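Now for the letters of each chain:
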Amino acid sequence: MNNLNRLNQILINDKYFDPTRFNELLEIEVYKVLSHYMDITREQISTKVEVDVEGNYVFKCKAKCNRLKVVGLLK
Amino acid sequence: MARRIVITSGKGGVGKTTCSYLLGLNLAKLDARVVILDVDIGLNNLDVVAGIDTKINYDLIDAIQNRCRVRQALVQSSVCSRLYFLPCVNSYSVGRVTSEALSAILRELDISFDYIIIDCPAGIGFEFHRAVFCANEAIIVTTPHMIALRDAGKVANLLSGYTLGQIGLVINRVRNDFVSRKMMISPEEIANSLKLTLLGTIRESNEITALSCSAGELFKLNDSAMGDFCALAKTIHYNMASKPNRENFLDIKIKRG
Ligand SMILES: Nc1ncnc2c1ncn2[C@@H]1O[C@H](COP(=O)(O)OP(=O)(O)O)[C@@H](O)[C@H]1O
Ligand SMILES: [Mg+2]
């Protein structure tokens, strides 16, 4: 592996971090927003931050609910 | 208000103090009023590099602890009248200098200077955060060596937690002969990997090595590396004059599909 590829590999590995606390905060914030639009509980939402092969952080969020709160949006 | 630029790196010995001094000197030669702050409390070097160690009556700690006014702690450069230093030579009975205390000193300097350059200590502990807290721009100095680059990457990640106007990269000790032989990663590739804006590169310099063997002689530097520092100062002074380069998150264009 050449020096540049090695550098990229090292930099990307260093971006993985312990996301527990970060994820917790992010989930609370996202929940606040989504709960305006979705009939959702905290347990129905999960978020995750990953690092892709180019070293970008990718935020993934999954939110499941039975109903959307469309009232107020149908003007 | 002055531009407050913190010179940081993570790793020690990559040239933060050298860059702080020669960048400050070259900015002052462009007619700017510059003060360089040594916040490497306890392991200060700026005073010796700048050759002002024998002219210090009061220092940063004296100013913080109200033993003098901030102005009394400033030392004017004998090389350029627009260049000043706020040294830090008190290494004992310092107590804990808070970020707020340091910020208060910078606020006093704001009106009198165009640039406040903050020579940050190595590491990523409290001292690092204290220095960054006071700045509104950052320059990460690195060498093209793998471990320095790795630390620069870590520092770049930490800096994104602060609301800094811009974070630029300076690559020091570049050997173009090594780069062309592909032994050294090129500055452009490094900037690309670190996802930072490259402000300038400084060549490896035998003259810096020689001048560093004595104290306060670095202003005599007169080789291509001094040309690099001059170009760096011009880039900072003219091309990136307080233009925020970080996108406001509302402006980010969303790629679809
Ligand atoms: N471009 C360069 N060429 C040669 N030597 C350099 C160069 N830049 C810095 N140095 C040397 O590297 C050493 C460490 O520099 P310094 O500025 O004290 O680093 P830091 O403040 O990051 O610890 C010094 O001896 C300095 O003279
Ligand atoms: Mg230093």
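Details of the structure are given in the entry above.
A brief report on the enclosed structure follows. Residue numbers run consecutively from 1 along every chain, following the written order of its sequence. Ligands are numbered from 1 and chains lettered from A, in the order in which they are written. Only residues with pLDDT of at least 70 get local features here, since the model is predicted, and only at 80 or more are side-chain atom pairs given and counted; chain-wide, interface and lining totals rely on the full set of residues. Heavy atoms throughout the structure, all of them, feed into the side-chain values; hydrogens and water do not.

### Notes on helix H6 (residues 126–133) of chain B
Residues that lie three or four places apart on an α-helix share one face, since the helix turns once every 3.6 residues. For H6 of chain B, every residue scored as buried is listed here: Phe-128, Arg-130, Ala-131 and Val-132 of chain B. Contact partners of the buried residues in H6 of chain B: strand E1 (3–8), helix H5 (99–110), strand E5 (115–119) and helix H7 (146–159) of chain B. Relative accessibility thresholds used throughout: buried, under 20% of the residue-type maximum; exposed, over 50%; partly exposed, between the two (1.4 Å probe, protein chains only). Helix and strand definitions here come from DSSP, where helices need a minimum of 4 consecutive H or I residues and strands a minimum of 2 consecutive E residues; each element is numbered from the N-terminal end. When checking whether two residues touch, look at their non-hydrogen atoms; a contact exists if any pair is within 4.5 Å.

### Observations regarding the site of ligand 1
All names here are of chain B. Close to ligand 1 lie 15 residues; Gly-13, Lys-16, Thr-18, Asn-172 and Ser-212 are nearest. Between Gly-15 and ligand 1, the recorded distance is 3.0 Å, taken from a backbone N or O atom to an oxygen atom. Separating a nitrogen atom of ligand 1 from a side-chain N or O atom of Asn-172 is a distance of 2.9 Å. Contributing elements (two or more residues each) for the shell around ligand 1: helix H1 (16–29), strand E7 (166–174) and helix H10 (206–211). We call a residue near a molecule or strand whenever a single non-hydrogen atom of that residue lies within 4 Å of it. Polar contact is the term for a pair of N or O atoms within 3.5 Å; when the atoms are in protein, one must be able to donate a hydrogen and the other to accept it, and sequence-neighboring residues count only if both atoms are side-chain atoms.

### Quick word on the pattern of salt bridges
The rule for a salt bridge is simple: a side-chain nitrogen of Lys or Arg has to be within 4 Å of a carboxyl oxygen of Asp or Glu. In this structure the tally under the stated criterion is 14 salt bridges over all chains. The residue Arg-173 of chain B makes a salt bridge to Glu-204 of chain B at a minimum N-O spacing of 2.9 Å. Placement of Arg-173 of chain B in strand E7 and of Glu-204 of chain B in the loop between strand E8 (197–203) and H10 is noted, with a sequence separation of 31 residues between them. Of the residues examined, Glu-204 of chain B reaches a relative accessible area of 29% and is grouped as partly exposed. Lys-220 of chain B is paired through a salt bridge with Glu-217 of chain B; the nearest N and O atoms lie 3.0 Å apart. When salt bridges that share partners are traced, they join Lys-48, Glu-50 and Lys-60 of chain A into one network.

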